[in-house]
Amino acid sequence: MDPLRLNLPAIQSSLRAVQTDFDRINRTLTTPRDAMTDGVLSNMMAGYRLVDDALASGLNPFEMGHSRWLLELNALVLCGTDACRRAEFAAHIASTERHFYENEGGGIGALMDWLQRHQDEKVWYRAAGAYIHILSQPQLYIEGNHRTGALVMSYILAREGQPPFVLSVENAKAYFDPSSLAKDTRRHGLSMLIGLPKLKKRFAKLLRENGARRYLTRAA
């Protein structure tokens, strides 16, 4: 059977709806977010296309030797595919790579260790836990952890036949508010030790109950 692929037009349609309604959504959030510009939307779609390519090829970025895929995902979120913009951000991209590999307790090694320890959990809990791991302090990337983390969740879910996470008008507040909590929490602190199970359960519920099959399709 052909692997499941992302329905990219349906994903883009949902993001467009969020963009159109973003001012209203932002007023409901505990911590207001930056506007979803056309550039942000375009870069997110580039990220979803990279996720779709990985699903098609069977690439697993969490296997040894494939971690640069996760760096490229972050670069797409921040810079898109434009070569000139990539050149402008060259120093930042290089700094992100050092941070990604060398950040003790918060780099890619720590994330892979976490996924290995939790490989027997249900996929919604693994995706939620990986997202919290990326977002909490110390963060996996210098910038763009929310957006890159959402794409990582989407890959983990879709690889096991579940709908990817896609921001929608209906789930925006349920996604943004706990994301702010995760971002403000230190991964190795007492608050995370106490709050992590509850926060992970909250995200897992969001992923399980808001996963729409229309975001998946079969390759032709």
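This section reports on the structure supplied with the text. Predicted model, so just to flag it, every value in this text is computed and none were measured.

Concerning the overall build of the protein
Item 1. Across its full length, the protein carries 11 helices and 2 strands.
Item 2. The secondary structure elements of the protein, listed N-terminal to C-terminal, are β-α-α-α-α-α-α-α-α-α-α-α-β.
Item 3. Radius of gyration (C-alpha) of the protein: 16 Å, near the 17 Å computed for a compact globule of 220 residues.
Item 4. Dimensions along the principal axes, computed over C-alpha positions, put the protein at roughly 45 × 40 × 35 Å.
Item 5. Residues classed as buried in the protein amount to 50% of the 220 residues present.
Item 6. If you take every contact in the protein between residues at least 6 apart in sequence, the share linking residues at least 24 apart comes to 74%.
Item 7. Accessible surface, the protein: about 10900 Å² in total, of which carbon and sulfur atoms supply 52%.
Item 8. Within the protein, one finds 28 positive and 23 negative side-chain charges whose respective centroids are separated by 6 Å.

A look at helix 4 (residues 68-79)
Item 1. A rise of 1.5 Å per residue sets the reference length of helix 4, with its 12 residues, at 16 Å; its end C-alpha atoms lie 16 Å apart and thus fit the reference within 8%.
Item 2. The buried count for helix 4 comes to 10 of 12 residues, which makes it a mostly enclosed element.
Item 3. All buried positions along helix 4 are accounted for by Trp69, Leu70, Leu71, Leu73, Asn74, Ala75, Leu76, Val77, Leu78 and Cys79.
Item 4. The secondary structure elements touched by the buried residues of helix 4 are helix 3 (38-57), helix 5 (83-88), helix 6 (90-102), helix 7 (108-117) and helix 9 (145-159).
Item 5. One or two steps after helix 4, the chain reaches Gly80, where phi turns positive at roughly 70°.

So, the packing of helix 4 against helix 9
Item 1. Look at helix 4 against helix 9: their axes get within 9 Å of each other, and the N-to-C directions meet at 130°. Comparing their axes, helix 9 and helix 4 come out oblique. Note that helix 4 runs across helix 9; the crossing there is right-handed. On the side of helix 4, the interface is formed by Trp69, Leu70, Leu73, Asn74, Val77 and Leu78, while helix 9 contributes Arg147, Thr148, Leu151, Val152 and Tyr155.
Item 2. Considering only residue class, the contact of helix 4 with helix 9 consists of 8 nonpolar, 2 polar and 1 charged.

Section: the packing of aromatic side chains
Item 1. Across all of its chains, the model carries 9 aromatic pairs by this definition.
Item 2. On the basis of an interplanar angle of 90° and a centroid distance of 4.9 Å, the ring pair of Phe100 and Tyr101 is categorised as edge-to-face.
Item 3. Ring centres of Phe165 and Tyr175 lie 4.8 Å apart, and the angle between their planes is 35°; on these two criteria the pair is classed as tilted. In this pair, Phe165 sits in the loop between helix 9 and helix 10 (172-183) while Tyr175 sits in helix 10, placing the two residues 10 residues apart along the sequence. Residues Phe165 and Tyr175 agree in their burial class; the two are buried.
Item 4. Aromatic rings pair up to connect Phe22, Tyr131, Phe165, Tyr175, Phe176 and Phe203 into one cluster.
Item 5. Seen from the ring of Trp124, Arg208 lies directly overhead, with NZ or CZ sitting 6.0 Å from the centre.

Things to note about the packing of helix 1 (residues 8-20) against helix 3
Item 1. At their nearest, the axes of helix 1 and helix 3 sit 11 Å apart, and the two run at 155° to each other. In terms of axis orientation, helix 1 runs roughly antiparallel to helix 3. Considering how the two elements wind past one another, helix 1 and helix 3 form a crossing that is right-handed. Here Leu8, Ile11, Gln12, Leu15, Arg16 and Gln19 of helix 1 lie close against helix 3, whose contacting residues are Asp38, Leu41, Met44, Met45, Tyr48, Arg49 and Asp52.
Item 2. Grouping the amino acids of the contact of helix 1 with helix 3 by side-chain chemistry returns 7 nonpolar, 2 polar and 4 charged.

Section: the state of the cysteines
Any covalent bond linking the sulfur atoms of two cysteines counts as a disulfide.
Item 1. Tallied over the full model, the rule gives 0 disulfides.
Item 2. Cys84 provides the cysteine sulfur closest to Cys79, a residue in no disulfide bond, and the two sulfurs are 12 Å apart.
Item 3. With relative accessibility at 3%, the residue Cys79 sits in the buried group.
Item 4. On the basis of relative accessibility, which here comes to 56%, the residue Cys84 falls in the exposed class.

The rules behind each value
- Residues numbered from 1 in each chain as written.
- Predicted model: local features only at pLDDT ≥ 70, side-chain atom pairs only at ≥ 80, totals over all residues.
- Heavy atoms only, no water.
- Helix = DSSP H or I, 4+ residues; strand = E, 2+ residues; numbered from the N terminus.
- Rg over C-alpha atoms; globule rule 2.2 N^0.38 Å.
- Buried < 20%, exposed > 50% of the residue type's maximum accessible area, 1.4 Å probe, protein only.
- Contact = heavy atoms within 4.5 Å.
- Areas by Shrake-Rupley, 256 points an atom, 1.4 Å probe, with all protein chains shown as cover.
- Lys, Arg positive; Asp, Glu negative; His and termini not counted.
- Charge placed at Lys NZ, Arg CZ, Asp CG, Glu CD.
- Expected span 1.5 Å × (residues − 1).
- Axes fitted to C-alpha atoms, helices over the stretch in contact; angles between N-to-C directions.
- Parallel < 35°, antiparallel > 145°, perpendicular 65-115°, else oblique.
- Left-handed = near helix turned anticlockwise from the far one by under 90°.
- Nonpolar A, V, L, I, M, F, W, Y, C, P; charged D, E, K, R; others polar.
- Phe/Tyr/Trp six-rings, centres within 6.5 Å; stacked < 30°, edge-to-face > 60°.
- Lys NZ or Arg CZ within 6 Å of the ring centre and 35° of its normal.
- Disulfide = S-S within 2.5 Å.

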